[in-house]
Structures are given as structure tokens and as C-alpha cells.
Amino acid sequence: MTLPSLLGVFAHPDDESLSAGGVLARHAASGARTAVVTATWAEDTRRAAELADALSVLGAGAPRLLGYADARFPGSAPGTVRFCDAPLDEAVRRLVAHVREVRPEIVVTHDAYGGLTGHPDHVHTHRVTVLAVQAAGLDQLCPEAGPAWRVGAVYLATHPDSAARELGPLLVREGRPMFSVPDAWVTAVIEAGPWLDRKIEAVFAHRSEVERGALPGRLAGLSPEERRRLMATEWFVRHDSAAAYPPRTARRVLTGLTV
């Protein structure tokens, strides 16, 4: 069964694999059109090349880079404004063009906290994505970006409180805050299952992050059993434009996201 077409929008190279590698691999394996837009880093950088390798593993096509600089690494896109400092309308227009080109039924991005770490680029990616999805469906906005396209659903990659308590100390450096949502707010739980090895391979394709001891590097230092436990499950809140986190009564364990 072919799952809905899917576009992931994430802040940095490696976010796609860490936050939604299982979902991306599962949708791509079903034959669904699958792509990823990354907000930061320039095309001619090592991390962009590593992103290409990771997306090839996941089956998510070639990198689509907005080309802004990482908030914490100005050299990520020399001579370019930091993503957090870019004019909002400009960033939204750039992303609208990708949404209208890919024409996804589902868009996946960071939650409003920016995930467990609350990285400012993650938070801003959430804002820009929500606005771009709305703008992409309005034919009088960004007409230069192509015909309007209405996305069927937006899912926000997150961590429920219970998972943050159990897994957070292994994922977030000691002394830093962690951001999570009540378990009842989680809409979809994805068990990576048969695609877990592919997800792990994609994470480790980001070799510079492994080498510098960022999260992929810390994961590489764990035992295979502990690594699989940390990476086997992905959690999502379905975004509702009227209420970003509506109360939920039950979580659904799914093999893929649905419109």
C-alpha cells in the first residue's frame, strides 16, 4: 500500500534523520513521493554532502536547501544571513516554492518548542513551515512560486513527557532544559521497525556530527541495544490551525502518517 506523499521541513542536516527518519523511510519504501527541505547550510558544505548521503539512504530524494546560516555556525553559509534573522516573508516564500513543487499530502516539521532541545533554528523552522503551508494553499499569495497546493495534514515531531523522562538524559546534555508535551497530546506514534536500521544508517551518514560529538556522535557511542531503544519510536502531534495542541484521548500506533 502506497502511503501519502510526504515533505519533511527541518532546521539542520541530521534533524530529518533524528526526528523522522523512520517515517521518511517508511513512506518512501511504500512508493510515496518523499522529500526534505533543510533551512540551513549552503550547498557546497560538507554537511550538505552528508545530508545528500542520508537522504539517499532514506529514499527522500536530493537535498532541498533554503541556504540560510545556522544560528550557531556562521560559516555554515558564508555571507548569508542567519535563518533566525532572515526576513520572515522571504523565508516563507522560499519554502512555499518547495511545497508547491513537491505537492505533498503531509508535511512534517519541528514542534513549537523546537523539540527536546528548543534550538532557536528548530523553533523558527516550525513558525516558517506553518505559515508556508497556509500560504501554499492560497493562489493569490506567492504567485511566482507556482500553482497553489493545499497540504492535507501537518505533523509536528515531538517527545511526550514520559519519553522525555526516560530517554531525555541520554539525548540532551546535562544541565540543559528539555521540552516535551503531555502524553495525551500525541496524535501518532510511529515504530520504526523494519526501517530502523535505515534510520540509524542515515543518522551516521552525518559524519561531521558524529566526529564533533553532537547527538549522532553520542548515539554512536552507545551499545547497539541502547541505540535502538532510543531511536525506535517517533512521536507526532497533528497540527490544528485553530489549536496547535488540542487535547487527545488516545495515541495511535501507526506504520505511517495519514491525512
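Above this text is the structure in question.
Just so you know, these numbers come straight off a predicted model, no measurement behind them.

This paragraph deals with the packing of helix α5 (residues 161–171) against helix α9 (residues 224–231). Between two packed helices, what matters for the description is the angle formed by their axes and the separation of those axes. Between α5 and α9, whose axes approach to 11 Å, the crossing angle comes to 120°. The orientation of α5 with respect to α9, classified from their angle, is oblique. Handedness of the crossing formed by α5 with α9: left-handed. Of the residues in α9, those touching α5 at Glu166, Leu167, Leu170 and Leu171 are Glu226, Arg229 and Leu230.

It is worth spelling out the side chain of His12 at this point. Along the polypeptide, His12 turns up in the loop between β1 (6–10) and α1 (15–29). Only 3.4 Å separates the side chain of His12 from the side chain of His122, close enough to count as a polar contact. With near-sequence residues (within four places) excluded, His12 lies in contact with Thr38, Thr40, Arg47, Asp70, His119, Asp121 and His122.

A separate point is the nonpolar core. By size, the foremost hydrophobic cluster in this structure holds 27 residues, and its most contacted members are Leu7, Leu95, Val96, Val99, Val107 and Val151. Those elements giving two or more residues to this core turn out to be β1, β2 (34–40), β3 (64–68), α3 (88–102), α4 (120–136) and β5 (153–158). Looking at this core element by element, the count peaks at six residues for α3. Excluding anything up to four places from it in sequence, Val96 contacts Ala132, Ala135, Ala136, Cys142 and Ala145. Within the second largest apolar cluster, 26 residues are counted, among which are Val23, Leu65, Tyr155 and Leu257.

Below, the discussion takes up α4. End to end, α4 covers 24 Å across 17 residues, agreeing with the expected 24 Å (1.5 Å per residue, within 8%). Across the 17 residues that make up α4, a large majority, 13, are buried.

What follows deals with helix α2 (residues 46–58). With 13 residues, α2 extends 19 Å from end C-alpha to end C-alpha; this agrees with the ideal 18 Å at 1.5 Å per step. Of the residues making up α2, those classed as buried are Arg47, Ala48, Glu50, Leu51, Ala54, Leu55 and Leu58. Viewed along the axis of α2, the buried residues span an arc of 155°, placing them on a single side of the element. The inward-facing, buried residues of α2 abut α1, β2, β3, α6 (196–204) and α7 (207–211). Phi turns positive one or two residues past the end of α2, at Gly59, with a value near 80°.

It is worth spelling out the packing of aromatic side chains at this point. For the coordinates displayed, the defined rule picks out three aromatic pairs. Their ring planes at 40° and their centres at 5.5 Å tell us that Tyr68 and Phe83 sit as a pair that is tilted. Of this pair, Tyr68 sits in strand β3 while Phe83 sits in the loop between β3 and α3, and the two are 15 residues apart along the sequence. With respect to class, Tyr68 is no different from Phe83; both count as buried.

What counts and what doesn't
Residues numbered from 1 in each chain as written. Predicted model: local features only at pLDDT ≥ 70, side-chain atom pairs only at ≥ 80, totals over all residues. Heavy atoms only, no water. Axes fitted to C-alpha atoms, helices over the stretch in contact; angles between N-to-C directions. Helix = DSSP H or I, 4+ residues; strand = E, 2+ residues; numbered from the N terminus. Parallel < 35°, antiparallel > 145°, perpendicular 65-115°, else oblique. Left-handed = near helix turned anticlockwise from the far one by under 90°. Contact = heavy atoms within 4.5 Å. Polar contact = N/O pair within 3.5 Å; in protein donor to acceptor, adjacent residues only side chain to side chain. Core = buried A, V, L, I, M, F, W, Y, C linked by side-chain atoms within 4.5 Å. Buried < 20%, exposed > 50% of the residue type's maximum accessible area, 1.4 Å probe, protein only. Expected span 1.5 Å × (residues − 1). Arc of directions from axis to C-beta. Phe/Tyr/Trp six-rings, centres within 6.5 Å; stacked < 30°, edge-to-face > 60°.

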